[in-house]
Amino acid sequence: MKYLVIAEKPNVSRAIAKVIGAYRQEDGYLEGGDCVVSWCLGHLAEYAAPEHYDERYENWCFEDLPILPVEWKLLVHNTKKPQFNILRKLLRSKKFDYVVNACDAGREGEAIFRRVYALAGSKLPIKRLWISSMEDAVIQQGFENLKDGAAYDNLFAASECRAKADWLIGMNGTRAFTKKYGRKQTIGRVQTPTLAMLTERQAKIQNFVKEPYYKVELSGGGMVAVSEQMAQEQDADTMQAACDGQCAVVGSIERKRVEKKPAKLYDLTTLQREANRYYGLTASQTLQTLQELYEEKLVTYPRTDSQFVTEDMRKTVESLVLALDGAAADVSCVINNSKVTDHHAILPTMQGAKCDKEKLSETKQKILSLIIWKLVQAVQSPFIYEDVLVTVCCQGRSFTAKYKDVLQPGYTAKTVPFVEPDKDKDKGVPLPKKMGQGMVLPVVRAEKKQGFTSPPKVYTEDTLLSAMETAGNKEFDKDTEKKGLGTPATRAAILEKLVSSGYVQRKGKQMIPTEDGVTAIRNIPDYLKSASMTAEWENDLLRMERGEIKPYDFMQGIHGLIDKMLADLRQIPTVAAAPHHNKVRVGSCPVCGNPVHESKLSFCCADRSCKFALWKESRYLSNMRKTLDKKMAVDLLKKGRTHVKDFYSAKKDKTFAANLVMRVEDGRAQYSLEFPKTPMKTKT
């Protein structure tokens, strides 16, 4: 039987082709024996913009809302049409008995394949390759155990409902609020409640009024003990005067044994959080690096929400730990079949365990080393210590001193790679051996200490990802399986969109809402920025994957929300569009011809209904450590390209020169690189 295999990217296709014997390179595919392997170039087809349904939608008008497609249209990007045409020809060919969906084993991978399959009008039976690693043996085993494509119909339904919900809320909400309030205001199903969390935290910080508190610190005999906090300075002064120069007695010594187990293995969100905490990497940078490591067969599937492995992987994990740590370990603590759904936790592959990390880029070294560290640490013995609380009495007043006696360092002996170890973090201060109950401290010094209450901390990507993951928890039953804003696979993109939209600014590791972000969220009703409602939708999509909810019922809820949003906005007077006084023109908009002005975060069209903008910070440029400056923007608007001398390549860990080329698709700027040929020098 002859069969067709379609993967998500060319390099994945080559890895698969090598295993199943398709070695002959053709235009857009590989062939050999009884199989042909081709690829999708990521998202080949996406839902069309409103103007593709009706030309009148090119001009934003509140009266045209809601826009509710009856038959959804998929469009292929112009740059990807040649590859789509190859796929369409292959999918319509009668020489194949079936087609294998070998796109990434998740919600998005399912959508990528199914959309191309539908646009091509294929009738081939579908089989599904579902694997968690790109290792040759795993690929081979996957092809020996292909699944029926219909088994993933619910997964596809959830993917399409998620995409349609995002489209409907984004297109209708953005147009409605922009026209009603006279300024561009982007609305997103997950983006808006995430921005709301950021602005709420920022408001608490700005409105925080610090209040003083006081303590008295008692020192003597090699010990320091402190009183409880006091609101009144006079009380602290009285205590200090009474105790200074007096003797003190050790009252009680209480010991509490604590046994801490090592942290679980990495799921995607936890890895993104710790990569931000330890290395300052953004969630997007971590995901991109992880995807590349996966395609290079060095780690397992990245977009997972599980922190465990299954029982049938016991020997594999034991072999990995032995290869990495040089010692056998009991891996039972990382095995839990009930906690693994589509994919197990992120692990290094054996190839990753044995690879020469020095040949990898610095970022890849860090991420791979972090995954290895987490696996080795997770199977170590517990960290065991005693918390020791010492009570000291002086002039009828009570003071306490805290100590920590480490009994077994356990997993804490494994330090974070590329991070200078904090020697005192877990070691603590041991109780002095000479100290015992009833011991007298002849002369102690009493000193007043003043402190201040602290405001909430600014969100970092680490803490924001955690907040997104647990958003709405209080509104769920304890046995609800999953909840939160977005999924592990989509949260990085949401954060990047908030930055590129000009609503959030990165300052080091911190994520700070801009003035535009604060203004935008102020106009949005609570139900649109509700974390619990959005988390409930995510939970419903997961239930849809299991066949517990019908797509129609989910979409009816989305339609109801849009109706309510528009009905509420109709009751509000329309605000006149904001004028563009004293703005410097940097060029003409390639979409509508209006002036393009520079703002704090972008070079945007003067017409607020036009969606064209050149963002100073974008995901495409940030991957090459570049921001768009005014000169680059002028060149792009005038010539469609600009020369840049210092792009950064993470893969080669060095800078390079190239032309940044702009094209406009669906009213938005898209970028690509062009490498001019170096003129040949002639001898004179």
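What you see is a predicted model; the values in this text were computed from it and never measured.

Trainee: Let's hear about the pairing of strand β20 (residues 595–598): which residues, and what values?
Mentor: Here strand β19 (residues 585–588) pairs with β20 via three bridges, running antiparallel. Residue S588 lies in a different strand from β20, and its bridge partner there is P595. Taking the residues between adjacent antiparallel strands as the criterion, β19 and β20 are bridged by six residues, where G593 takes a positive phi near 85°. Alignment of β20 against strand β21 (residues 602–605), held across three bridges, turns out to be antiparallel. Bridging across to β21, H597 finds its partner in C604. Between β20 and β21, which pair antiparallel and follow one another directly, the connecting turn spans three residues.

Trainee: Outline the pattern of salt bridges, supporting the account with residue identities and numerical values.
Mentor: Taken as a whole, this structure holds 47 salt bridges when the rule is applied. With a shortest N-O distance of 3.8 Å, E200 and K204 are connected by a salt bridge. With E200 and K204 both in helix α6 (residues 191–207) and four residues apart, the pair spans about one turn of that helix. With its nearest N and O atoms 3.6 Å apart, the salt bridge here joins E447 to K449.

Trainee: Give a detailed account of the sheet that holds strand β9 (residues 147–148), specifying residues and quantitative values.
Mentor: The seven strands lie next to each other as β2-β3-β4-β1-β7-β8-β9, forming an open sheet whose pairing is mixed. Only two strands of the sheet have a single neighbouring strand rather than two, namely β2 (24–26) and β9. Sheet analysis places β2 next to strand β3 (residues 29–32), joined by three bridges and oriented antiparallel. When the bridges of β3 are listed, R24 appears paired with E31. Along the sheet, helix α2 (residues 81–92) contacts β1 (3–7), β3, β4 (35–39) and β7 (98–102); its crossing angle with β4, the most-contacted strand, is approximately 150°. Sheet contacts for helix α3 (residues 107–120): β1, β7 and β8 (126–128); angle to β7, the most-contacted strand, approximately 145°.

Trainee: So what's going on with the side chain of S227? Residues and values would help.
Mentor: Counting through the fold element by element, S227 comes out in the loop between β11 (223–226) and α7 (233–243). With relative accessibility at 6%, the residue S227 sits in the buried group. Within the structure, the side chain of S227 is placed 2.9 Å from the backbone nitrogen of V216, a separation counted as a polar contact.

Trainee: Which residues make up the side chain of T514, and what are the values?
Mentor: Considering the arrangement of structural elements, one finds T514 in the loop between β18 (510–513) and α15 (515–522). Residue T514 is classed as buried on the basis of its relative accessible area, which comes to 6%. Beyond its immediate chain neighbours, meaning those up to four positions away, T514 contacts G502, Y503, V504, Q505 and L601.

Trainee: Could you give an account of the packing of aromatic side chains, naming the residues involved and the relevant values?
Mentor: One pass over the full model with this rule turns up 16 aromatic pairs. Relative to W167, the ring of W72 lies with its centre 5.1 Å away and its plane at 80°, an arrangement referred to as edge-to-face. Here W167 lies in helix α5 (residues 153–181) and W72 lies in the loop between β5 (45–47) and β6 (74–76), a separation of 95 residues in the sequence. A residue is classified by how much of its surface remains accessible, and W167, at 7% relative accessible area, is buried. Feature note: the residues Y47, Y53, W72 and W167 constitute an aromatic cluster, connected by ring pairs. Taking the ring centre of F452 as reference, the NZ or CZ of K210 above it sits at 4.5 Å. The lysine or arginine in question, K404, covers the ring of Y385, its NZ or CZ lying 4.5 Å from the ring centre.

Trainee: Pulling in residues and values, what's your account of the sheet that holds β19?
Mentor: Overall, antiparallel pairing links the four strands, which are arranged β19-β20-β21-β22 in an open sheet. Two strands close off the open sheet at either side, each with one partner strand: β19 and β22 (613–615). Geometrically, the sheet is characterised by an average inter-axis angle of 25° between neighbouring strands, direction not taken into account. Each of β19, β20, β21 and β22 touches helix α19 (residues 630–639); the most contacted strand, β19, lies at about 25° to it.

Trainee: Break down empty space enclosed by the protein for me, citing the residues and quoting the values.
Mentor: For the structure shown, the criterion picks out two cavities of 30 Å³ or more. Estimated volume of the largest cavity: approximately 60 Å³. When the residues that make up the lining of the largest cavity are grouped by side-chain class, the tally is nine nonpolar, no polar and two charged. Surrounding the second largest cavity, Y57, N59, W60, C61, D64, L65, I67 and R175 form its lining. Among the residues forming the lining of the second largest cavity, the class breakdown is five nonpolar, one polar and two charged.

Parameters at a glance
- Residues numbered from 1 in each chain as written.
- Predicted model: local features only at pLDDT ≥ 70, side-chain atom pairs only at ≥ 80, totals over all residues.
- Heavy atoms only, no water.
- Pairing = 2+ DSSP bridges.
- Helix = DSSP H or I, 4+ residues; strand = E, 2+ residues; numbered from the N terminus.
- Salt bridge = Lys/Arg side-chain N within 4 Å of Asp/Glu carboxyl O.
- Contact = heavy atoms within 4.5 Å.
- Axes fitted to C-alpha atoms, helices over the stretch in contact; angles between N-to-C directions.
- Buried < 20%, exposed > 50% of the residue type's maximum accessible area, 1.4 Å probe, protein only.
- Polar contact = N/O pair within 3.5 Å; in protein donor to acceptor, adjacent residues only side chain to side chain.
- Phe/Tyr/Trp six-rings, centres within 6.5 Å; stacked < 30°, edge-to-face > 60°.
- Lys NZ or Arg CZ within 6 Å of the ring centre and 35° of its normal.
- 1 Å grid on protein atoms, 1.4 Å probe; cavity = no way out; pocket = protein on both sides within 12 Å on 5 of 7 lines; lining within 4 Å.
- Points joined across faces, edges and corners; volume = space filled by probe spheres on them.
- Nonpolar A, V, L, I, M, F, W, Y, C, P; charged D, E, K, R; others polar.

Fair warning: the whole summary comes from geometry, so function is off the table for now.
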